[in-house]
Amino acid sequence: RPDWANAAEGPIKVGIATDLTGPIAYAGNADANVAKMVIKQINAAGGLLGRPLELYIEDTASNESVAVGNVRKLIQRDKVDMVLGGITSSMRNAIKDPIVARGKTLYIYPQLYEGKECTPNLFCTGPTPAQQCDEFIPWLIKNGGKKFALPSANYVWPHTLNVYARKVIESSGGEVVFEEYYPLDQVDFSATVNRIISNKVDVVFNTVIPPGVGPFFKQLYEAGFLKNGGRLACVYYDENTLNINQANEIEGLASCLDYFKALTKDDPVSAKIQAAYEKDFPGNFLFAAGSAATGTYRGLKLWEAAVKEAGKIDRDSVAAALDHAKIAEGPGGPAEMVPGKRHCKMKMYTAVAKGGNYEIVGRSDGLVDPKEC
Amino acid sequence: MASTFVAAFEILSFGAIIVLVVLGLGIIASMMGIFNFAQGEFVLLGAYVTYLAYSSGIPIWVGMAVAPFIVGGLGFVLEALIIRRFYAAPIVAMLGTYALGLIVRESVRGLIGGFYLTVPEPIGGSIDIGTMHISAWRFTIIVITLLVMAGCYLLLSRTSFGLRVRATLENPALARASGISTPLIYGATFAFGAALAGLAGALIVPVFSLFADLGIRFLIQGFVAVMVGGVGSFIGPVAGAGVIGTLSAALPWVMAPVVADVLVFVLAIVFIKFRPQGLIAGKGV
Amino acid sequence: MPEQTFLDIRHLEAGYGRSQVLFDVNIGVPWRGGVAVLGRNGAGKTTLMKTIVGELASSKGELFFDGRDITRRRTEERVRSGIGYVPQEHSVFARLSVRDNLAVGSLFNPDPAAVDRVLTIFPKLGQRLDQPAGTLSGGERKMLAIGRAMLGNPKLLLLDEPTEGVWVGVIEEITERLIELARQIAVVIVEQHLDLALRVADHAYVLDRGRVALQGPAGEVRSDPELLRYLAP
Amino acid sequence: MGTVKQALRMKLSEEPEVSMAESRPDGASPARRAAGLKVLPVVEGLVLIAALILPLFLQDYLTVFATRVIILALFALSFDLVWGYAGIMSFGQALFFGSAGYGVALMARDLGITSIFLVLPAGTLIGLTTSLLLGGFLLLGRHPSSVIFVALGTLTGSYAADRLARGWYYLGGQNGIPSIPPMSFGSYDITEGPVYYYFALGILAVVYLLCRFLVRSQFGLALAGLRENEQRIAFFGYKAQHLKAIVFAVGGTIAGLAGSLYAFHEGFVWPNMVGVVISTQVVLYVLFGGSGTLIGAVIGAVIIEGVSFWLSDNYREIWPILLGVLLLLVILFRPLGLISFVLGERERVGSFGMARKEKRNAAP
Amino acid sequence: MPLLEATGIVKVFGKLTALDGAALTIGENEFHGLIGPNGSGKSTLMKCVAGAEMPTQGKVSFVNRDITLLSPTERARAGMSLKFQITSVLPTLTLYDNILLALQAQSSLFDLVFSRTRGVLHDQVMMMLSQFRLADRAHDAAAALSHGQQQWLEIAMALAGKPRLLLLDEPTGGMSLEERRVTGELLQPIKQHCSLVIVEHDLDFIRDICDRLTVLDQGRVLASGTVAEIQANKSVQEIYLRRA
Ligand SMILES: Nc1ncnc2c1ncn2[C@@H]1O[C@H](COP(=O)(O)OP(=O)(O)OP(=O)(O)O)[C@@H](O)[C@H]1O
Ligand SMILES: Nc1ncnc2c1ncn2[C@@H]1O[C@H](COP(=O)(O)OP(=O)(O)OP(=O)(O)O)[C@@H](O)[C@H]1O
Ligand SMILES: [Mg+2]
Ligand SMILES: [Mg+2]
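In this text the structure is predicted, and so the values were computed from the model without any measurement. Sequence positions are assigned chain by chain, starting from 1 and proceeding in written order. Labels are handed out in written order, letters beginning with A for the chains and numbers beginning with 1 for the ligands. Whole-chain, interface and lining totals are the exception, using all residues; otherwise, since this is a predicted model, local features are given only for residues with pLDDT of at least 70 and side-chain atom pairs are given and counted only at 80 or more. Excluded from the side-chain calculation are hydrogens and water; included are all heavy atoms of the structure.

The next subject is the overall build of chain A. Strands are runs of DSSP state E lasting at least two residues, helices are runs of H or I lasting at least four, and both sets are numbered from the N terminus onward. A tally of regular secondary structure across chain A gives 11 helices and 15 strands. Only the C-alpha atoms count toward the radius of gyration. The rule for a globule is 2.2 Å times the residue count to the power 0.38. Against the 2.2 N^0.38 benchmark of 21 Å for 373 residues, chain A shows a C-alpha radius of gyration of 20 Å, consistent with a compact globule. Overall size of chain A, expressed as C-alpha extent along the three principal axes, is 70 × 45 × 40 Å. Buried positions account for 68% of the 373 residues belonging to chain A. Considering only residue pairs separated by 6 or more positions, chain A has 68% of its internal contacts joining residues 24 or more positions apart. Reported accessibility uses the Shrake-Rupley method at a 1.4 Å probe radius. Residues are deemed covered only where the shown protein chains occlude them. Accessible surface, chain A: about 11,700 Å² in total, of which carbon and sulfur atoms supply 51%. His is not counted here, nor are the chain ends, while Lys and Arg score as positive and Asp and Glu score as negative. Where a charge sits is defined by one atom per residue type, namely NZ (Lys), CZ (Arg), CG (Asp) or CD (Glu). A distance of 2 Å separates the average location of the 41 positive side-chain charges in chain A from that of its 43 negative side-chain charges. Remark: exposure states derive from per-residue accessible area (1.4 Å probe, protein chains only) relative to the maximum for the residue type, with buried under 20%, exposed over 50%, and partly exposed in between. It only takes one pair of heavy atoms within 4.5 Å for two residues to be counted as in contact.

Listed below in structure tokens is the structure:
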């Protein structure tokens, strides 16, 4: 510990609760890594309010009951000043009450999600449906075609996202051929693929998630969907998920996120962050937007800005400042909270998979509004 | 017409996959009386071995060929060290294999970092018949499944191995008193069941990609298939798997997939309730 | 001396868990001929048989079979070296068909005609070949158990109450077979039918609470006034 | 070599050929038997005392954690009754636990009812009804149902319920029902903490005593017979299937009670709560602790939860593996559960003539 | 009116007709022997009477009531009790509990839960056990009994429920001559309140205790009558001489 660790008030405590084990551990571990990196940087720059930051990481294990116990540990034992974490919506739902209501602590949720989370003291720093659809869908219609299919995993995110997507599709002159939901672990999609092929769908706007998505894309490919000029679209697909399939099976897949690694070529800030991450964590857990890594980065940085502005660490002051916090530099560009909305404006990018890598094909002009709350 | 053909093929191919996965499970359940909760992890290991071979540059089909042997060998060792102690208490056995499965699954998860990893098929692409495309690899799986089924059937019906196995399960003390070396038989059967799972894993990994929950995904389906088919014979579970597999692939063609998913299980349980001995009342092979 | 004793049981002690059942049992079985083991319920007869065949480990003493020490051999090795065993209970593979039960018996017998021979001894079994052995009647079961054990071509046959539940006519048949068999191999028989036992056996041992209480040539034991006392409950 | 194997088989076996006798048939010393018999009450007493004083030593969040464990122990008890005593393998016990949880969560969300006098009875009733329905289907009927069938049937029930909860929007789908308000007692809110802890402990103690009374009564003997050989006792004139259904329903009722306590304590319900994961977990608790002894269920829940908590804190990356190894070791070397470290076979299986006989001997 | 009347019982197992119109009539307080070669259908007939098997055809009535379709439980409650040919005691329970279990079978649920009959039954349990010379083993698991001892226990359990009709399938299997005699003595006193059907191969034993005999052969009744009548019967003598 540096000597200022002994300052009168002691360190400021940051809690991270994320999926270190379980089916989406790759994302959780990446997020934890990002947190370590950011906290290290802040401490290296002298900490916050003259106090060092101390990081407390707990596992949510993709198991809500484990998660709630561990979150309580953060709040009641470690008495953290803020909790960031949760990846799935159900996890957020499970832990938000112990954090915000029963625990009276600030909560930042970093993942792209379906929107509609308007709990006080809960801030979302990932993209919302509006951010992911408003520019992306017109692009798809232009670069794919008018007939959309919405095959989806049966849970809240796809349901809610699809409602929004459908609106945008229809208002942009497209047409939804079918919208269908599957059990989360369904791995055989022959019936779906058949419907897609026989209805001559142009764009598959996919919200099927792993483990189903791999076989689904493969079956689509084998049925000749891509060969006949179809386009795959999937708004959570990032670098971490790209190798679920062989490159040729998802050639041309389009995604819309707040960051792609391809940006490092022309954005020095992104390049710096990416390089710092890769230096510290050269392993398999990639710094990728769909895994909430960028949301985590942004969340911590915005919170840092808010604490600096508030000059205090109590929840209400920080929340008040976080309400309109801004950062000028982040992965993919600047970001700012929309006052009163507890959601975040950010730049959005459209990218297409080519030979196993993404190529940026479109960028938003300026920051995109989350349109929530 | 064309789409009917494609539908039939797709349904059949998923049925074949389920059969392949359930084969080992069924043999262990029928022959040894153990519902092996680690079976899914044997499937996973088969897939993992294949992936390792692929990622270290060895031809994939080599990986697929050695996977059953490696998994079978592991099964043999595990049987001798662990499973052997459980025969008298099948419920404790369920738990023991559950723990075993947990260890294997989480270890593999650690090794692959929780990712979904792709493995290409040795025979890729699709077979085109006119305007229809059917997956070459799925077709290969159907063929291999048929061959493996026939092989197992012959092994169990034409050699005394099957007889020894069944005698041992039925009454181990008497089997020993008839000169059968029961430990060896148990070990061999378990290893055989594990090897079949390993093979299944190796063959299906190109279809489903590699992830830690690959095997457990099929476990409950497998158990239900074994029950529907009837415990106690080789044919029973295979038939059960065929039915469950094709049913769960076919129902989504005609109804909402979410409903179909639950319906398969409910139908199965109601069926078993009124025909407890299963499709094929167990005797013989 | 080894000429005489084919199976030599020396100072044998055995039991279940902490409860000891057999105490210092010494029995010699000759190359040919029958030995009867008698005793009331719970005397330890079955325990003795189980220990000989190795289903139960002995806690003390030695077993010599065919001149070799088999005390530490596993059951299946003992069986393959020539011991046949008809248990008192659970003596057939209940879910296997009669045919398969016989097939298990002849696993180590290369002679394909052996099964037919058994079927001529017990024609009843021939009519039940495809029936699961567990559904056989009590008597049929015993026949199957005896048939199965004989198929292994044993040099020493252990029979634990082979005629329990068997019809009088068949008992007679079995007795004759056993007498004939005892001319060729060694037979150890536990039997409640005194007459039968002593017709088959030249020598008899009477167990009482796990100890050999009485022993001697069949005729002598038969006429021993103590015998009835040891057999009464 | 044979002896070791023999001994092992003996411990594991439920087969009739194998002996459970501990002493010489004729030389049994009553003193030792009597001494051996006192272990269980001692263990029970120790556990109770530990539970009573625990909150004095625990930090707040650990008290909250302990409360959760107590509720899970109550849930484990319900499964133990069904499996350990009646031999019904209910692999879907979470169905009753979770339905009750969802039920009370809906009451709180949609009707605003949180009064303890309404929600607990309601949850209990939901547990009773669902278990009666499922038990009726699985256990009654012309063919006596096999253990494996019941296991799969209940598993399927729970699996289907899980699927249903995930798919049904009214129930919150995958996300479940979050932010359930606290249970109220008049105008007082029972929030998590020492109060909830002692409240749950009180319920556990009462239910435990009721179960104890039940399994030690002559009814308990009937259950033991049921577990051993259902068909056989039917020939004595027992209505075996009815007995099974009754026990199953009692188990479901307790699970329902536990589920409603759990929902209010955690403040949310989610599909896993009716599903296979929790169903398996409760089986683990009971087998780990020692099925067929009530205290074993409690101990199993406490140890598994406690150890997972500790492991996940200290070996973050590999704790599931360690948990698996631990489970495996216990199952391998103590197939009858932890409780068998201190409990003899006879006492574990239980016997019903003993107490009275001793009384008689003591007072001639 | 006889206590039990089974008429025209047919039982078919697949291709085999195990019982082909067998009949059995038992009067009050009658000891009835059932004999016949192996596989002649004795056990099957007992099972049809007790409800362990459902007859393919035929009618069973007991105490003036048609019980053909009743479940074993209901038959037991009507006063029937069966000892199977293959012993099936409850292995991990103690002998005491085995007997108690049989004794309390007909108590109401309420009595069971509140253990209202425990005290009364204790003496009966101990009495049964000492009658069958098992008292000193009362607290051993039933699995620890030898085969013969298990037979004793089974008989005790069958007797425990105070049945009106007792069905014993080869109760003396594995017993020595002396032991059989004792069994016979133990059975004699129940004659006051109970009828007995007993399957046996030991003719001497049967002759000693039975009033009437029924001889089965290949699923049919070959002869039925008093012991003396049967002994004189030509066709019965024939099957005794016939090989299996
Ligand atoms: N599995 C067992 N565990 C403990 N004790 C046992 C076991 N089996 C038998 N015993 C006891 O060992 C003693 C001898 O039993 P064994 O079966 O050898 O008798 P047996 O002479 O064969 O009697 P029977 O004529 O009744 O068959 C008996 O007192 C019996 O209670
Ligand atoms: N479940 C069954 N399936 C097929 N055959 C059966 C079944 N049960 C009995 N049998 C056959 O029916 C016949 C009559 O059997 P049963 O048990 O009644 O004979 P038993 O007279 O009791 O003979 P034993 O004196 O040998 O006990 C036998 O040949 C038997 O093999
Ligand atoms: Mg014996
Ligand atoms: Mg019979």
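Having seen it, we continue.
Attention shifts here to the pairing of strand E2 (residues 132–135) of chain B. Residue and element names in this part refer to chain B. Because side chains alternate across E2, one face comprises the buried residues Met132 and Ile134, and the other comprises His133 and Ser135, equally buried. Across 4 bridges, the pairing between strand E1 (residues 126–129) and E2 is antiparallel. Opposite Asp128, over in E2, you have His133 as the bridge partner. One bridge is not enough; two strands pair if DSSP finds at least two bridges between them. The antiparallel hairpin formed by E1 and E2 contains 2 residues in its connecting segment, where Gly130 sits at a positive phi of about 60°.

Each reported salt bridge corresponds to a side-chain nitrogen of Lys or Arg within 4 Å of a carboxyl oxygen of Asp or Glu. Taken as a whole and judged by the stated rule, the model has 63 salt bridges over all chains. A salt bridge links A:Lys261 to A:Glu278, with the shortest nitrogen-to-oxygen separation between them at 3.2 Å. In this pair, A:Lys261 is assigned in the loop between strand E10 (254–257) and helix H9 (268–280) and A:Glu278 in helix H9, connecting sequence segments 17 residues apart. When its relative accessible area of 36% is taken as the criterion, A:Glu278 is described as partly exposed. Three or more residues are tied together by salt bridges with common partners; here these are A:Arg72, A:Asp97, A:Arg102, D:Glu192 and D:Glu266.

A word on the UniProt feature "transmembrane region" (unreviewed entry) in chain D. All names here are of chain D. UniProt positions are given in the numbering used here, feature names are shortened, and annotations may be inferred rather than shown by experiment. UniProt records the feature "transmembrane region" (unreviewed entry) at residues 39–58, 91–108, 115–140, 195–215, 245–264 and 318–344, using the numbering of this structure. In residues 115–140, helix accounts for 92% and strand for 0%; the two terminal C-alpha atoms are 36 Å from one another. Secondary structure within residues 245–264 divides into 100% helix and 0% strand; the distance between the first and last C-alpha atoms comes to 29 Å.

In the region of ligand 2, 22 residues are neighbours, and C:Ser137, C:Gly139, E:Lys42, E:Ser43 and E:Thr44 sit closest. Near ligand 2, the surrounding residues are drawn from chains C and E. Residues adjacent in sequence count toward polar contacts only when both atoms are side-chain atoms; beyond that, a polar contact is any pair of N or O atoms within 3.5 Å, and within protein one must be able to donate a hydrogen and the other to accept it. Contact between ligand 2 and E:Ser43: an oxygen atom at 2.6 Å from a side-chain N or O atom of the residue. Here an oxygen atom of ligand 2 sits 3.1 Å away from a polar atom, N or O, in the side chain of E:Gln85. With the chains in place, 91% of the 630 Å² that ligand 2 exposes on its own is no longer accessible. The near set for a molecule or strand comprises every residue that places at least one heavy atom within 4 Å of it.

This part takes up the coordination of the magnesium ion (ligand 3). In the first shell of the magnesium ion (ligand 3), the protein supplies C:Thr46 (OG1) and C:Gln88 (OE1), at 1.8 to 2.1 Å from the metal. Of this pair, C:Thr46 sits in helix H1 (residues 45–53) while C:Gln88 sits in the loop between strand E6 (83–86) and helix H3 (98–105), and the two are 42 residues apart along the sequence. Only nitrogen, oxygen and sulfur atoms qualify as donors, provided they sit within 2.8 Å of the metal or within 3.2 Å for Na, K and Ca; with water excluded from the atoms, sites may seem incomplete.

Residue and element names in this part refer to chain A. Here Tyr109 shows up in strand E4 (residues 106–109). Judged by relative accessible area, which is 0%, Tyr109 ranks as buried. Apart from the residues lying within four places of it in its own chain, the contact partners of Tyr109 are Gly85, Gly86, Ile87, Thr88, Ser89, Arg92, Leu122, Phe123, Cys124, Thr125 and Gly126. Among the polar contacts made by the side chain of Tyr109, one reaches the main-chain carbonyl oxygen of Ile87 at a distance of 2.7 Å.

It is worth spelling out the coordination of the magnesium ion (ligand 4) at this point. E:Ser43 (OG) and E:Gln85 (OE1) make up the full set of protein donors to the magnesium ion (ligand 4), lying at 1.8 to 2.2 Å. Here E:Ser43 is found in helix H1 (residues 42–50), whereas its partner E:Gln85 is found in the loop between strand E6 (80–83) and helix H3 (95–103), with 42 residues between them in sequence.

Time to look at the sheet that holds strand E4 (residues 58–65) of chain C. What holds strands together in a sheet is hydrogen bonding between their backbones, with the strands either parallel or antiparallel. Residues and elements named next belong to chain C. Spatial strand order, E2-E1-E4-E5: 4 strands in an open sheet with antiparallel pairing. With one partner strand each, in any of the chains shown, strand E2 (19–30) and strand E5 (68–69) form the two edges of the open sheet. Bridge count between strand E1 (residues 5–16) and E2: 8 bridges; the pairing is antiparallel. Among the inter-strand pairings, Ile9 is bridged to a residue of E2, identified as Ile27.

Ranked by size, the top nonpolar core spans 436 residues in total, and within it A:Phe205, A:Tyr237, A:Trp303 and E:Leu187 carry the most contacts. Residue contributions to this core peak at 15 residues, all from helix H1 (residues 2–32) of chain B. Start and end points for every domain follow an automatic or database-based domain assignment. A domain split of this core shows at least three residues from each of domain 1 (4–87 + 165–242) and domain 2 (90–144) of chain E. Joining through side-chain atoms within 4.5 Å is the link that ties buried Ala, Val, Leu, Ile, Met, Phe, Trp, Tyr and Cys residues into a set, and such a set is a nonpolar core. The next biggest cluster of nonpolar side chains, apart from the first, holds 33 residues, and it includes C:Val25, C:Ile52, C:Val53 and C:Tyr85.

The next subject is unusual backbone geometry. Residue A:Pro211 follows A:Pro210 across a cis peptide bond; omega there is 5°. Its place among the elements puts A:Pro211 in the loop between strand E8 (203–205) and helix H8 (213–222). One non-glycine residue with positive phi stands out, namely B:Ser209, at about 65°. Looking at the secondary structure, you find B:Ser209 in the loop between helix H8 (182–208) and helix H9 (219–229). In this structure, C:Asp66 takes a positive phi of about 55° despite not being glycine. One can find C:Asp66 in the loop between E4 and E5. Note on C:Asp66: relative accessible area 25%, which makes it partly exposed.

Another aspect to go through is the sheet that holds strand E2 (residues 16–26) of chain E. Residue and element names in this part refer to chain E. The strand order E2-E1-E4-E5 describes an open sheet built from 4 strands, whose pairing is antiparallel. Sheet topology places E2 and strand E5 (65–66) at the edges, where each strand pairs with a single neighbour. When strand E1 (residues 4–13) meets E2, the two strands line up antiparallel, connected through 8 bridges. Bridge pairing in E2 links Phe13 to Leu16.

As a further point, take H9(A). Residues and elements named next belong to chain A. Between the first and last residue of a helix there are one fewer steps than residues, each counted as 1.5 Å, and that sum is the expected span. In this model H9 runs 18 Å from its N-terminal to its C-terminal C-alpha over 13 residues, within 8% of the 18 Å that 1.5 Å per residue would give. By the burial criterion, the buried members of H9 are Val269, Ser270, Ile273, Gln274 and Tyr277. The buried side chains of H9 occupy one side of the element, clustering within an arc of 130° when seen end-on. Of the exposed residues in H9, the ones pointing more than 90 degrees away from its buried face are Pro268, Lys272 and Lys279. In this structure, the buried residues of H9 make contact with helix H1 (25–44) and helix H10 (293–310). Taking the backbone nitrogen of Val269 as reference, a side-chain oxygen 3.2 Å away marks Asp267 as the first, capping residue of H9. Directions from the helix axis toward the C-beta atoms define the arc.

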